[in-house]
Amino acid sequence: MVRHHRRRPAARTTARAADRVEAASGREPVSALALLPRWSDWRSAVRAPGADLLSGLMVALVALPLALGFGISSGLGAAAGLATAIVAGAVAAVFGGSRYQVSGPTGAMTVVLVPIVAQHGASGVLAVGLLAGIVLVVLAVAGVGRAVRYMPAPVIEGFTAGIAVVIALQQFPAALGIAHAHGDKVWQSAFDAVRQYVAHPDPVTVATALAVAAVVLVGGRLLPKLPTALIAVAAATVVAHVLDLGLTPIGTIPSGLPAPTVEFVHLDQVGSLIEPALAVAALAALESLLSATTADAMAVGTRHNPDRELLGQGLANIAAPLFGGVPATGAIARTAVNVRAGARTRLAALTHAVILTAIVYLAAPVVADIPLAALAGVLLATTVRMVETASLTAIARASRGDSIIMLITFAVTVALDLVTAVAIGVGIATLLALRSVAKEARLHQVPLDDTDHRTEEHQLLHDHIVAYRLDGPLFFAGAHRFLLELTEVSDVHVVILRMSHVTALDTTGALVLKDAISKLEHRRITVLMSGLRADHYRKLAAIGALPTGGADHLFDHTPDAIARARGYLPDPAAPTDGRPPDNVPQSIATR
């Protein structure tokens, strides 16, 4: 006998399964409760933390040189990079929407931050990060996170390759041993660094950067589970000190995080920071959601909550500037390491932040002695690993339009900035998509019934009745072609427009159709419609785009329209007394 209380676990299992299906479908309701952390996020971590602790250690060893390098590249220094990795990494791990996501400073963000530092200084960057965090929180509550799925793949691959090139160009001064390279754009400062190096070459610095990059690339391929970047940097630091190579070190790093502060800029400066804050927020949202999506693809049976991920990144960017950190995003490279190292819950990302905190408090003097050229080598290797050659080749072969989108996005990223590149890339992709959709719209002259009775069809054509079927979307991108085709019909008494295959109708398409009907009726051609959808009827009626006969010229089925069309034709056997038959419109009878 089955007892009633045994059904409860099954019910709970069914409920949990339903929750997973709802989350996987992307229809989870956006509310304050849905975005907040849950005990279920940590239940598995508390029961079996071993795998997450080990994975967190591995990620921390990989993240240390990257945080230092990206902090320096941003213009705020190595300490800012470490503060970002610690604070943003911990906050995003608790509040984010992905169990595998590791957040911190990234190369893509440094590309955006460099001009902000030049224009507004360090305090401006901190304020921009805080404002961007607020924007991300608003986007999370508004449920905008799901929009990333509509980002075209050529745009993503284009700006990823562009970011890789920009990051590589940023490393030229440090890799060449040039302290001050001039130029408003990254490629300009890289060119100036090369010019200065040619005048005063320093082969030791270049050799150090290239050696570290080679070790990271080769070691990462042969021994992927080892933190080859940290090993290469440590070896370069030891060799530089033992041989006294004279390489420029990172410099002083405070032992610990700075005290929280909220005094960034004066209130009258906030207005000028809105635009860069929106750019930083857009990049943080895009890169974080793409990174979380990548983690989902690498893991099995998981799916992140995009709106909750935006909330986590928003809170992380609000918190990081309070401790002197730069704006942060989800980091694809560190997240991938986290998944490969066997992480199971968000405890791994939190552990990575705790270990970096211990390094800051216990080993700051050692970190300060790391040569800048060694970090430049790590970032150069990172740029090589960022570019997926197979993906670029596949998109280039897919279509000419996708290749153009990818190349333009890449070029604008390198020449101007990432946000402009994404805007232009998405704009071009949208135009090409509209052009492609518009080509799918067709206007066919079709048989007037659903049979293959050719004799009857020819008789109807002899009676000057013709039917056109409109297929596909009738909207602004392609509607004008219908006006030209419809108004060119000749020697016709009645035109039947079969509307059942119209998939979309916007206001422009309705106006064009109205113009075509008006021109046909002006030529004394009666227009009938069949199969008109209710929503299309309301739109056409609202702007007066229905045939002049109104409801009498609208039919649910084409055979009914054919019967009415035949009724409009004069009867050849009827006596001709100079007056039209009662069932024939004046437009036809007086032809």
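Residues numbered from 1 in each chain as written. Predicted model: local features only at pLDDT ≥ 70, side-chain atom pairs only at ≥ 80, totals over all residues. Heavy atoms only, no water.

Peer 1: I tried to follow the overall build of the protein on my own but got confused; where do I start?
Peer 2: Scanning the protein for helices and strands turns up 26 helices and eight strands. The 591 residues of the protein split such that 47% are buried. A separation of at least 24 residues holds for 81% of the contacts in the protein among residues at least 6 apart in sequence. As presented, the protein carries roughly 28,700 Å² of accessible surface, and 62% of it is formed by carbon and sulfur atoms. (Helix = DSSP H or I, 4+ residues; strand = E, 2+ residues; numbered from the N terminus. Buried < 20%, exposed > 50% of the residue type's maximum accessible area, 1.4 Å probe, protein only. Contact = heavy atoms within 4.5 Å. Areas by Shrake-Rupley, 256 points an atom, 1.4 Å probe, with all protein chains shown as cover.)

Peer 1: I tried to follow the packing of helix α7 (residues 153-170) against helix α19 (residues 400-415) on my own but got confused; where do I start?
Peer 2: Axes are the key here: two packed helices are described by the angle between their axes and the distance separating the axes. Where α7 contacts α19, the two axes come as close as 7 Å, and the packing angle between them is 30°. The angle between α7 and α19 places the two elements in the roughly parallel class. Read as a crossing pair, α7 and α19 show a hand that is right-handed. Across the interface between the two elements, P154, V155, E157, G158, F159, A161, G162, I163, V165, V166 and L169 of α7 pack against D402, I405, M406, T409, F410, T413 and V414 of α19. (Axes fitted to C-alpha atoms, helices over the stretch in contact; angles between N-to-C directions. Parallel < 35°, antiparallel > 145°, perpendicular 65-115°, else oblique. Left-handed = near helix turned anticlockwise from the far one by under 90°.)

Peer 1: Honestly, the environment of A292 in this entry has me stumped. Any pointers?
Peer 2: Here A292 is to be found in helix α12 (residues 270-298). The buried category is assigned to A292, whose relative accessible area is 0%. Spatially, the C-alpha atoms of A292 and Y100 are 7.6 Å apart, while their sequence positions differ by 192 residues.

Peer 1: Is there a simple way to think about the nonpolar core in this case?
Peer 2: Soluble globular proteins tend to pack their nonpolar side chains together in the buried interior. In this structure, L68, F159, I253, V280, L356 and L418 are the most contacted members of the largest nonpolar core, which totals 80 residues. Looking at this core element by element, the count peaks at twelve residues for helix α6 (residues 107-142). Counting residues in hydrophobic clusters, the runner-up holds 22 residues, among them Y468, L474, I517 and I525. (Core = buried A, V, L, I, M, F, W, Y, C linked by side-chain atoms within 4.5 Å.)

Peer 1: Help me understand the environment of L139, please; the structure alone is not making it clear to me.
Peer 2: Structurally, L139 is set in helix α6. Since its relative accessible area comes to 26%, L139 is described here as partly exposed. Along the backbone, L139 and G314 are 175 residues apart, and their C-alpha atoms lie at a distance of 9.0 Å. In this structure, L139 is in contact with V144 and L310, ignoring residues within four places of it in sequence.

Peer 1: Help me understand a nonpolar patch on the surface, please; the structure alone is not making it clear to me.
Peer 2: Taken together, L217, V218, L222, L223, L226, I231 and V384 make up a surface patch of nonpolar side chains, about 630 Å² in accessible area. If one sorts the elements of the nonpolar patch by residue count, helix α10 (residues 203-222) sits on top with three residues. Relative to the elements of secondary structure, V384 occurs in helix α17 (residues 372-386). (Patch = residues over 30% accessible without salt bridge, like charges linked within 9 Å, V, L, I, M, F, W, Y side chains within 5 Å. Salt bridge = Lys/Arg side-chain N within 4 Å of Asp/Glu carboxyl O.)

Peer 1: Explain the side chain of T335 to me, please; I cannot follow it from the model alone.
Peer 2: Summarising the element assignment, T335 is placed in helix α14 (residues 332-340). Within the structure, the side chain of T335 is placed 2.6 Å from the backbone oxygen of A331, a separation counted as a polar contact. What T335 contacts, discounting residues up to four positions off in sequence, is Y100, Q101, V102, S291 and A295. (Polar contact = N/O pair within 3.5 Å; in protein donor to acceptor, adjacent residues only side chain to side chain.)

Peer 1: Looking at this model, I keep getting lost on the pairing of strand β7 (residues 526-530). Mind explaining?
Peer 2: Look at any regular strand and the pattern is simple: side chains alternate between the two faces of the sheet. β7 sits mainly inside the fold: five of its five residues count as buried. Because side chains alternate across β7, one face comprises the buried residues T526, L528 and S530, and the other comprises V527 and M529, equally buried. Crossover handedness for the path β7 to helix α24 (residues 534-542) to strand β8 (residues 554-555): right-handed. (Right-handed = clockwise from strand over helix to strand, strands pointing away.)

Peer 1: Got a minute to help me understand unusual backbone geometry in this structure?
Peer 2: Its identity is not glycine, yet D244 carries a phi of approximately 50°, on the positive side. Note that D244 resides in the loop between α11 (228-242) and α12.

Peer 1: Honestly, the pattern of salt bridges in this entry has me stumped. Any pointers?
Peer 2: Any two side chains of opposite charge can pair, on the condition that their charged atoms come close. Taken as a whole and assessed by the stated rule, the structure comprises three salt bridges. Note that K519 is salt-bridged to D515, the shortest N-O span being 3.1 Å. You can see K519 and its partner D515 sitting in helix α23 (residues 507-522), four residues apart, about one turn around the helix. Overall, K519 belongs to the partly exposed group, its relative accessible area being 39%. The partly exposed category is assigned to D515, whose relative accessible area is 29%. Among the ionic pairs, R533 bridges to D535, the shortest N-O distance being 2.7 Å. You can call R533 partly exposed: its relative accessible area is 33%.

Peer 1: What's the story with the environment of R340 in this structure? I'm lost.
Peer 2: Relative to the helices and strands, R340 is located in helix α14. Assessed through its relative accessible area of 62%, R340 is described here as exposed. Each C-alpha atom, one on R340 and one on P224, is 9.2 Å from the other, the two residues being 116 residues apart in sequence.

Peer 1: Could you clarify how one ought to interpret the confidence of the model for the protein in this entry?
Peer 2: Note that predicted coordinates carrying low pLDDT should not be read in detail. Across the protein, the average pLDDT comes to 79, with 82% of residues at or above 70. Counting contacts from residues 1-29, a segment whose pLDDT is below 50, to residues more than four positions away or on other chains yields 14 contacts. Taken together, the stretch residues 449-455 has pLDDT below 50 and engages in three contacts with residues farther than four places along the chain or on a different chain. (pLDDT = per-residue confidence, 0-100.)

Peer 1: Would you mind going over the side chain of H352 with me for this structure?
Peer 2: Along the polypeptide, H352 turns up in helix α15 (residues 347-362). Look past the residues within four positions of H352 in its chain and what remains in contact with it is G56, V59, A60, A63, A85, G89, V102 and S103.

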